[in-house]
Number of protein chains: 2
Amino acid sequence: MGAVKTKRMPRAVRERQMLDAAVRIFGRRGYRAASMDEIAELAGVSKPLVYLYLNSKEDLFTACLRREATALTRAVREGVRPDLPADRQLWEGLRAFFAHTAEHPDGWSVLRSQARTHGEPFAAEVAAMREEIVAFVTRLIAVAAREAHRDPDLPEREVAGLAEALVGAAESLAAWANTTPGVTARQAAATLMNFAWSGLGALREGRGWVPPAGEG
Amino acid sequence: MGAVKTKRMPRAVRERQMLDAAVRIFGRRGYRAASMDEIAELAGVSKPLVYLYLNSKEDLFTACLRREATALTRAVREGVRPDLPADRQLWEGLRAFFAHTAEHPDGWSVLRSQARTHGEPFAAEVAAMREEIVAFVTRLIAVAAREAHRDPDLPEREVAGLAEALVGAAESLAAWANTTPGVTARQAAATLMNFAWSGLGALREGRGWVPPAGEG
């Protein structure tokens, strides 16, 4: 990257190079340990130019979060064909999610490392992305319940809880898949789909796990 | 709290009051927005005393994380009777987990908000706690697979993936349960147990979801 001629590049291209470098450094070092010097060097530009374009370390990080969150939600949305049955939609959504997080491990690391850090100016960005994904999964589970024969209406709260559980499981699995050699996006999606769909099917068909009677 | 006589208190009691106050403020405001003034006021002590006892905001936060992580893992460990079958152990572990996070919402918020923030001096504390819980769940799933009739040996990687998924689902559900009025610890545990156990049962019995053939 250091060899490219930066002088003649359009601003958008340069900015993209800076964001690429920033995502990589933030993803590997964490927000605090990341250095603007290293980011500028990796982007092949001067540090003052990074500040000129992105203003501050915090604004640069916020720009990274926004770009990565937008790309991930778009990948999931575009990976799903809405005319398919709910289980196929969920499968395609999971595959798109794990494929994207596997292809963008630094981006996922940035999103995941900051996903819960509240009280920060950029936390709202990530929270909004997660809410969109939870809402999408909630709709799919509700549709699945309608498509099922026995119990067409899972209680709304049960559906919301399942969606939260599924999204949390996917977040955890994506980080694990990215740090475990040889786990493919398809395998991660299949593990979770098996887990989720079978559990959901058991619930719908009244085959769920029954808590022991007489417990406090 | 402001009315207590602080002069005659043993150091351990005063330190506990400071940590109680710090967990509450960190849990509600986040690390950066939390103010040492507010923490000292809530603890009913002077700000210099907080610094004298806990050294710095960062050290105070690390002490909070360590205390809350230790309390949570102890609650889960003590909630499980190791002589029971694996499904009962998992059920009891989940109940203990959700009961503890419901009783200590600020502590959970502190743990969860920082659980992924890497590159920070305190990140290792939380990572170690999570690894202990993942290892515990992994053992239970492996035992469950052995106790099952058909497929006594789930592949090791499948077991590890399921444990990661289950822990991620529990983390996500605990935060949801704490912010959704009327969701009890028992309901949260039952939702996840149903989801997890049925899915695991389906896997063991070869009733898992089958990806569409011929897909890329």
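Residues numbered from 1 in each chain as written. Chains lettered and ligands numbered in written order. Predicted model: local features only at pLDDT ≥ 70, side-chain atom pairs only at ≥ 80, totals over all residues. Heavy atoms only, no water.

## Section: the overall build of chain A
Right, on to step 1. Within chain A one finds nine helices and zero strands.
Right, on to step 2. The N-to-C order of helical and strand elements in chain A reads α-α-α-α-α-α-α-α-α.
Right, on to step 3. The buried share of chain A, reckoned over its 216 residues, is 54%.
Right, on to step 4. For chain A, contacts bridging at least 24 residues in sequence account for 67% of all contacts bridging at least 6.
Right, on to step 5. Working note: accessible area of chain A is about 9,800 Å², and carbon and sulfur atoms make up 53% of it. (Helix = DSSP H or I, 4+ residues; strand = E, 2+ residues; numbered from the N terminus. Buried < 20%, exposed > 50% of the residue type's maximum accessible area, 1.4 Å probe, protein only. Contact = heavy atoms within 4.5 Å. Areas by Shrake-Rupley, 256 points an atom, 1.4 Å probe, with all protein chains shown as cover.)

## A short note on the environment of Glu132(A)
All names here are of chain A.
Right, on to step 1. Within the fold, Glu132 resides in helix H7 (residues 123-147).
Right, on to step 2. A relative accessible area of 37% places Glu132 in the partly exposed class.
Right, on to step 3. As for Glu132 and Thr73, which are separated by 59 residues in sequence, their C-alpha atoms are 7.9 Å apart.
Right, on to step 4. Those residues in contact with Glu132 that lie beyond four places of it in its chain are Thr73 and Arg77.

## Describing the pattern of salt bridges
Right, on to step 1. Scanning the entire structure with this criterion turns up 24 salt bridges over all chains.
Right, on to step 2. Residue Glu15(A) pairs with Arg11(A) through a salt bridge whose shortest N-O separation is 3.3 Å. Here Glu15(A) pairs with Arg11(A), and both are found in helix H1 (residues 11-29), just four residues apart, close to one helical turn.
Right, on to step 3. The partner of Glu58(A) in a salt bridge is Arg32(B), with the nearest N and O atoms 3.0 Å apart. Taken together, the residues Glu58(A) in helix H4 (residues 57-79) and Arg32(B) in the loop between helix H1 (11-29) and helix H2 (36-43) connect one chain to another.
Right, on to step 4. By relative accessible area, which is 40% here, Arg32(B) ends up partly exposed.
Right, on to step 5. Each member of the salt-bridge network shares a partner with another, and the members are Arg16(A), Asp20(A), Arg67(A) and Glu68(A). (Salt bridge = Lys/Arg side-chain N within 4 Å of Asp/Glu carboxyl O.)

## Some remarks on the packing of aromatic side chains
The description of an aromatic ring pair rests on the distance of the ring centres and on the angle between the ring planes.
Right, on to step 1. Applying the stated rule across the entire model yields ten aromatic pairs over all chains.
Right, on to step 2. Here Phe97(A) and Trp108(A) contribute two aromatic rings whose centre-to-centre distance is 5.4 Å and whose plane-to-plane angle is 85°, an arrangement assigned as edge-to-face. One end of the pair, Phe97(A), is in helix H5 (residues 86-103); the other, Trp108(A), is in helix H6 (residues 105-114), with eleven residues separating them in the sequence.
Right, on to step 3. Accessibility expressed as a relative area gives 7% for Phe97(A), which makes it buried.
Right, on to step 4. Given the relative accessible area of 7%, Trp108(A) is considered buried.
Right, on to step 5. Ring centres of Phe26(B) and Tyr31(B) lie 5.8 Å apart, and the angle between their planes is 20°; on these two criteria the pair is classed as stacked. One exposure class covers both Phe26(B) and Tyr31(B), and it is buried.
Right, on to step 6. Among the aromatic residues, those joined into a cluster by ring pairs are Phe26(A), Tyr31(A) and Phe61(A).
Right, on to step 7. The ring of Tyr53(B) has Arg11(B) sitting right over it, with the charged end atom 4.2 Å from the ring centre.
Right, on to step 8. Above the face of the Tyr31(B) ring, Lys57(B) is positioned so that its terminal group lies 5.0 Å from the ring centre. (Phe/Tyr/Trp six-rings, centres within 6.5 Å; stacked < 30°, edge-to-face > 60°. Lys NZ or Arg CZ within 6 Å of the ring centre and 35° of its normal.)

## Some remarks on the confidence of the model for chain A
Residues and elements named next belong to chain A.
Right, on to step 1. For chain A, mean pLDDT is 82; residues scoring 70 or higher make up 79% of the total.
Right, on to step 2. Mean pLDDT in chain A bottoms out at helix H9 (residues 185-204), which sits at 75, and peaks at helix H2 (residues 36-43), which reaches 97.
Right, on to step 3. Reported confidence for the predicted complex is 0.82 by ipTM and 0.84 by pTM. (pLDDT = per-residue confidence, 0-100.)

## Examining the nonpolar core
Right, on to step 1. If you look at the biggest cluster of nonpolar residues, it comprises 130 residues, and the most contacted ones within it are Phe26(A), Phe98(A), Leu192(A), Phe26(B), Phe98(B) and Leu192(B).
Right, on to step 2. For Phe98(A), the contacting residues outside a window of four places in its chain are Ala170(A), Leu173(A), Ala174(A), Ala185(A), Ala188(A), Ala189(A) and Leu192(A). (Core = buried A, V, L, I, M, F, W, Y, C linked by side-chain atoms within 4.5 Å.)

## Focus: H2(B)
Residues and elements named next belong to chain B.
Right, on to step 1. By the burial criterion, the buried members of H2 are Met36, Ile39, Ala40 and Ala43. End-on view of H2: buried residues confined to an arc of 95°, all on one side of the axis.
Right, on to step 2. Buried positions along H2 lie against H1, helix H3 (47-54) and helix H4 (57-79).
Right, on to step 3. Looking one or two places after H2, you find Gly44, whose phi comes out positive at around 75°. (Arc of directions from axis to C-beta.)

## Details of the environment of Ala123(B)
Right, on to step 1. Mapped onto the fold, Ala123(B) is located in helix H7 (residues 123-147).
Right, on to step 2. Residues Ala123(B) and Leu140(B), spaced 17 residues apart in sequence, show a C-alpha to C-alpha distance of 26 Å.

## A word on the packing of H2(A) against helix H3 (residues 47-54) of chain A
Residue and element names in this part refer to chain A.
Right, on to step 1. Two elements in contact, H2 and H3, have axes separated by 8 Å at closest approach and are oriented at 95°. Between H2 and H3, the angle falls in the class roughly perpendicular. Residues Met36, Asp37 and Ala40 of H2 form the contact with H3, whose participating residues are Lys47, Val50 and Tyr51.
Right, on to step 2. Of the residues contributing to the contact of H2 with H3, the split by class is four nonpolar, no polar and two charged. (Axes fitted to C-alpha atoms, helices over the stretch in contact; angles between N-to-C directions. Parallel < 35°, antiparallel > 145°, perpendicular 65-115°, else oblique. Nonpolar A, V, L, I, M, F, W, Y, C, P; charged D, E, K, R; others polar.)

## Let's talk about the UniProt feature "DNA-binding region" (unreviewed entry) in chain A
Right, on to step 1. UniProt annotation of "DNA-binding region" (unreviewed entry) refers to residues 35-54 of chain A when read in the numbering used here.
Right, on to step 2. Helix makes up 80% of residues 35-54 of chain A and strand 0%. Its end C-alpha atoms lie 14 Å apart. (UniProt positions renumbered as here; feature names shortened; annotations may be inferred.)

## Quick look at the environment of Met18(A)
Residue and element names in this part refer to chain A.
Right, on to step 1. Here Met18 is to be found in helix H1.
Right, on to step 2. The exposure class assigned to Met18 is buried, which follows from its relative accessible area of 0%.
Right, on to step 3. Along the chain, Met18 and Arg32 lie 14 residues apart, while their C-alpha atoms are 18 Å from each other.
Right, on to step 4. When near neighbours in sequence (up to four residues on either side) are disregarded, Met18 contacts Ile39, Ala43, Val45, Leu49, Val50, Tyr53 and Leu54.

## Section: the packing of helix H5 (residues 86-103) of chain B against helix H8 (residues 156-179) of chain B
Residues and elements named next belong to chain B.
Right, on to step 1. Viewed as axis vectors pointing N to C, H5 and H8 meet at an angle of 35°, and their least axial separation amounts to 10 Å. Of the two possible hands of crossing, H5 and H8 adopt the one that is right-handed. Residues Leu90, Phe97, Phe98, Thr101 and Ala102 of H5 form the contact with H8, whose own contacting residues are Leu166, Ala170, Glu171, Leu173, Ala174 and Asn178.
Right, on to step 2. Across the contact of H5 with H8, the residue classes tally to eight nonpolar, two polar and one charged. (Left-handed = near helix turned anticlockwise from the far one by under 90°.)

## Topic: unusual backbone geometry
Residues and elements named next belong to chain A.
Right, on to step 1. A positive phi angle is found at Asn55, which is not glycine, with a value near 80°.
Right, on to step 2. On the secondary structure map, Asn55 appears in the loop between H3 and H4.
Right, on to step 3. With relative accessibility at 52%, the residue Asn55 sits in the exposed group.

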